[in-house]
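Chains, contacts and geometry: an overview
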Amino acid sequence: MKLEVVNMYPDILNIYGDIGNLICIKNRCEWRGIDINIKNFTIDKETNLEDSDMILIGGGSDKGQDIISDHILNQRNSLESFIEAKKPILAICGSYQIFGNYYLNPYNEKIPCLEIFEMETISKKERLTGDILISNNLRSDSLFKSKQSYNLTDIIGFENHGGRTYHNYDPLGNVKVGFGNNGEDGEEGMIYKNFIGSYLHGPILPKNPHIADYMIFNALKNKYDIDYLNENILNLKDIDDSIEINAHNIMKNRILKT
């Protein structure tokens with residue numbers, strides 16, 4: 001099995017260590033015996049998005065979003081087709097916002113976005129900052145249950161955003177501790193097919209191996225015939241996640257005590 005993974009704008013959108021999400025996907029694929037080919041996509045180095053199996057986009061400052069704004073708008077049709085084909089995308093913070101209708105910046109200027117989702121983000125002076133704990137609304141496929149050595153029901157991370165995002169899609173999770181999308185409705189992130197948008201830095205995937213596996217397994221399910229997967233799933237190597245699970249639970253308990 002092999003996955004083609006695109007890392008979008010790693011030279012511009014990579015704050016709070018979001019490159020760790022790519023490292024996590026790479027390591028977990030290699031540990032399981034899945035071949036992975038990583039391609040960087042940025043303003044002066046494009047690659048065909050539709051030939052890929054997964055896209056990762058990190059967070060960035062308002063300045064970073066301004067830099068990539070015109071360029072990513074030219075990728076709208078490819079990104080929408082990617083999403084509708086149920087291929088996994090992880091978009092963090094600023095890149096999550098850009099999939100909506102618009103972003104109203106601190107100067108009350110309406111910045112055009114991809115308009116793929118009915119979603120708006122309004123920037124405010126007071127930032128929503130700190131560790132965050134949310135429920136996990138993603139549902140793992142039973143096909144891969146034998147390859148999941150954990151029972152993690154929550155998602156942990158770190159948020160630092162001035163934007164307040166509003167939409168009516170399913171959230172990634174419900175906020176237990178922290179602020180989430182806007183500090184008002186008790187929801188964090190969004191899910192649409194295999195698109196995941198979130199404000200969680202940290203980075204999110206190393207802290208939550210179940211989310212990384214969700215993306216990997218859904219990329220495989222999307223790419224390969226179900227009969228092929230049934231025949232080959234047991235050939236995937238098991239991973240000892242004891243360190244990751246322990247770290248996740250320690251951080252979860254620490255957040256609950258704050």
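Residues numbered from 1 in each chain as written. Predicted model: local features only at pLDDT ≥ 70, side-chain atom pairs only at ≥ 80, totals over all residues. Heavy atoms only, no water.

- The name recorded for the protein in an unreviewed UniProt entry is Lipid II isoglutaminyl synthase (glutamine-hydrolyzing) subunit GatD, from Methanobrevibacter arboriphilus.

Overview of the side chain of Thr121
- Structurally, the position occupied by Thr121 is in strand S7 (residues 119-135).
- Side-chain polar atoms of Thr121 contact the side chain of Thr165, separated by 2.8 Å.
- Aside from chain neighbours lying at most four places away, what touches Thr121 is Gln97, Tyr102, Tyr103, Leu104, Gly163, Arg164, Thr165 and Tyr199. (Helix = DSSP H or I, 4+ residues; strand = E, 2+ residues; numbered from the N terminus. Polar contact = N/O pair within 3.5 Å; in protein donor to acceptor, adjacent residues only side chain to side chain. Contact = heavy atoms within 4.5 Å.)

Thoughts on the sheet that holds strand S2 (residues 35-41)
- Read from one edge to the other, the open sheet built from six strands follows the order S2-S1-S3-S4-S12-S11, with strand pairing classed as mixed. A single partner strand is all that each edge strand has here, and the edge strands are S2 and strand S11 (190-192). Taken over all neighbouring pairs, the strand axes of this sheet differ in orientation by 15° on average, direction set aside.
- Here three bridges tie strand S3 (residues 54-57) to strand S4 (residues 89-92), and the two strands are oriented parallel to one another. Bridge pairing in S4 places Ile57 opposite Ala91.
- The strands that helix H1 (residues 19-32) touches are strand S1 (2-8), S2, S3 and S4; relative to S2, the one it contacts most, it runs at about 160°. (Pairing = 2+ DSSP bridges. Axes fitted to C-alpha atoms, helices over the stretch in contact; angles between N-to-C directions.)

A few points about the packing of aromatic side chains
- Summed over all chains, the structure comprises 10 aromatic pairs.
- Between Phe99 and Phe117 the ring centres are 6.4 Å apart and the planes differ by 35°, which places this aromatic pair in the tilted class. Of the two residues, Phe99 sits in the loop between helix H4 (94-97) and strand S5 (102-104) while Phe117 sits in the loop between strand S6 (110-112) and S7, which places them 18 residues apart along the sequence. The pair Phe99 / Phe117 is uniform in exposure class, with both members buried.
- Each ring, one from Tyr224 and one from Tyr228, has its centre 5.1 Å from the other, and the planes form 25°; the classification is stacked.
- Using a relative accessible area of 32% as the deciding quantity, one classes Tyr228 as partly exposed.
- Of the aromatic side chains, those joined through ring pairs into one cluster are Phe99, Phe117, Tyr169, Tyr192 and Phe195.
- The side chain of Lys110 reaches across the aromatic face of Tyr102, ending 4.3 Å from its centre. (Phe/Tyr/Trp six-rings, centres within 6.5 Å; stacked < 30°, edge-to-face > 60°. Buried < 20%, exposed > 50% of the residue type's maximum accessible area, 1.4 Å probe, protein only. Lys NZ or Arg CZ within 6 Å of the ring centre and 35° of its normal.)

Let's talk about empty space enclosed by the protein
- Within the structure shown, the criterion is met by two cavities of 30 Å³ or more.
- Taken as a whole, the largest cavity encloses approximately 90 Å³ of empty space.
- Along the walls of the largest cavity sit 14 residues, with Asn7, Asp18, Ile19, Ile57 and Gly58 positioned nearest its centre.
- The element that contributes the greatest number of residues to the lining of the largest cavity is H1, accounting for three residues.
- Grouping the constituent residues of the lining of the largest cavity by class yields nine nonpolar, four polar and one charged.
- Computed from the structure, the second largest cavity encloses a volume of approximately 50 Å³.
- Lining of the second largest cavity is provided by Asp62, Gln65, Asp66, Ser69, Ile98, Tyr103, Ile111, Pro112 and Cys113.
- Every element with two or more residues in the lining of the second largest cavity is listed here: helix H2 (62-73) and S6. (1 Å grid on protein atoms, 1.4 Å probe; cavity = no way out; pocket = protein on both sides within 12 Å on 5 of 7 lines; lining within 4 Å. Points joined across faces, edges and corners; volume = space filled by probe spheres on them. Nonpolar A, V, L, I, M, F, W, Y, C, P; charged D, E, K, R; others polar.)

Regarding helix H8 (residues 242-256)
- The end-to-end C-alpha distance of H8 is 21 Å, a good match for the 21 Å that 15 residues give at a rise of 1.5 Å each.
- Burial in H8 covers these residues: Glu244, Ile245, His248, Met251 and Ile255. One side of H8 carries all its buried residues, which in axial view fall inside an arc of 135°. Exposed residues pointing more than 90 degrees away from the buried face of H8 are listed as Ile243 and Arg254. (Expected span 1.5 Å × (residues − 1). Arc of directions from axis to C-beta.)

Description of the pairing of S1
- By the criterion of burial, S1 is predominantly enclosed, with six of the seven residues buried.
- Between S1 and its parallel partner S2, the chain crosses via H1, and the hand of that crossover is right-handed.
- Two elements, S1 and S3, share four bridges in a ladder whose sense is parallel. Across the sheet, Asn7 pairs through a bridge with Leu56, a residue of S3. (Right-handed = clockwise from strand over helix to strand, strands pointing away.)

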